[in-house]
Amino acid sequence: MLFFSYFKDLVGQEVTVELKNDLAIRGTLHSVDQYLNIKLENTRVVDQDKYPHMLSVRNCFIRGSVVRYVQLPPDGVDVDLLHDAARREARGG
């Protein structure tokens, strides 16, 4: 639940999601659920030459099991918040 609560705080920010099939999609995080399924809005493909068929996609739902990485905005990472959340989860509460 640590990552779920952290990603909920990032709603409205731009993120890049890299999938296991090497497709990277950048967009505004609209929502995330407990399975880390992600909904992006205003999407664009990072490598447009390799995936031209994805140019018309503006909104997408990404199943959490196909996500390899989520790249966060540099100013969107609150290290102290992550440390506190990790400590709370380690203690079981």
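Attention in this report is confined to the structure presented alongside it. (Residues numbered from 1 in each chain as written. Predicted model: local features only at pLDDT ≥ 70, side-chain atom pairs only at ≥ 80, totals over all residues. Heavy atoms only, no water.)

### Describing the pattern of salt bridges
Considering all chains together, one arrives at four salt bridges under this definition. Residue Arg26 pairs with Glu14 through a salt bridge whose shortest N-O separation is 4.0 Å. Of this pair, Arg26 sits in strand β2 (residues 24-32) while Glu14 sits in strand β1 (residues 14-19); the two residues are twelve residues apart in sequence, bridging distant segments of the chain. When the shortest N-O distance is used, the salt bridge between Glu18 and Arg68 registers 2.8 Å. Here the residue Glu18 occupies a position in strand β1, and Arg68 occupies one in strand β5 (residues 67-71), the gap between them amounting to 50 residues. Counted as one network, the salt bridges with shared partners bring together Glu14, Arg26 and Arg44. (Salt bridge = Lys/Arg side-chain N within 4 Å of Asp/Glu carboxyl O. Helix = DSSP H or I, 4+ residues; strand = E, 2+ residues; numbered from the N terminus.)

### Some remarks on the nonpolar core
In terms of nonpolar packing, the biggest core is built from 19 residues, with Val17, Leu19, Leu23, Ile25, Ile38, Leu40 and Ile62 touching the most fellow members. Setting aside anything within four residues of it in sequence, one finds Ile62 in contact with Val17, Leu19, Ile25, Leu36, Asn37, Ile38, Leu40 and Val67. (Core = buried A, V, L, I, M, F, W, Y, C linked by side-chain atoms within 4.5 Å. Buried < 20%, exposed > 50% of the residue type's maximum accessible area, 1.4 Å probe, protein only. Contact = heavy atoms within 4.5 Å.)

### Concerning the side chain of Asn37
With respect to the helices and strands, the residue Asn37 is situated in the loop between β2 and β3 (38-45). Under the relative-accessibility criterion, Asn37 is labelled buried at 14%. Beyond its immediate sequence surroundings of up to four residues, Asn37 is in contact with Ser31, Val32, Phe61, Ile62, Arg63 and Gly64.

### Focus: the environment of Gly64
In this fold, Gly64 is placed in the loop between β4 (59-62) and β5. By relative accessible area, Gly64 is classed as buried at 19%. Each C-alpha atom, one on Gly64 and one on Tyr35, is 6.0 Å from the other, the two residues being 29 residues apart in sequence. Excluding residues within four positions of it along the chain, Gly64 makes contact with Tyr35, Leu36 and Asn37.

### Observations concerning the pairing of β2
Both β1 and β2 contribute to a ladder of five bridges, which runs antiparallel. From the neighbouring strand, Val15 faces β2, where its bridge partner is Gly27. In sequence, β1 turns back onto β2 through a hairpin of four residues, with Asp22 there showing a positive phi of about 75°. As judged from the six bridges shared by β2 and β3, these two strands associate in the antiparallel manner. Directly across from Leu29, in β3, lies its bridge partner Leu40. Count of turn residues in the β2/β3 antiparallel hairpin: five residues, of which Leu36 carries a positive phi of about 60°. (Pairing = 2+ DSSP bridges.)

By themselves, these are just geometric observations and shouldn't be taken as functional.
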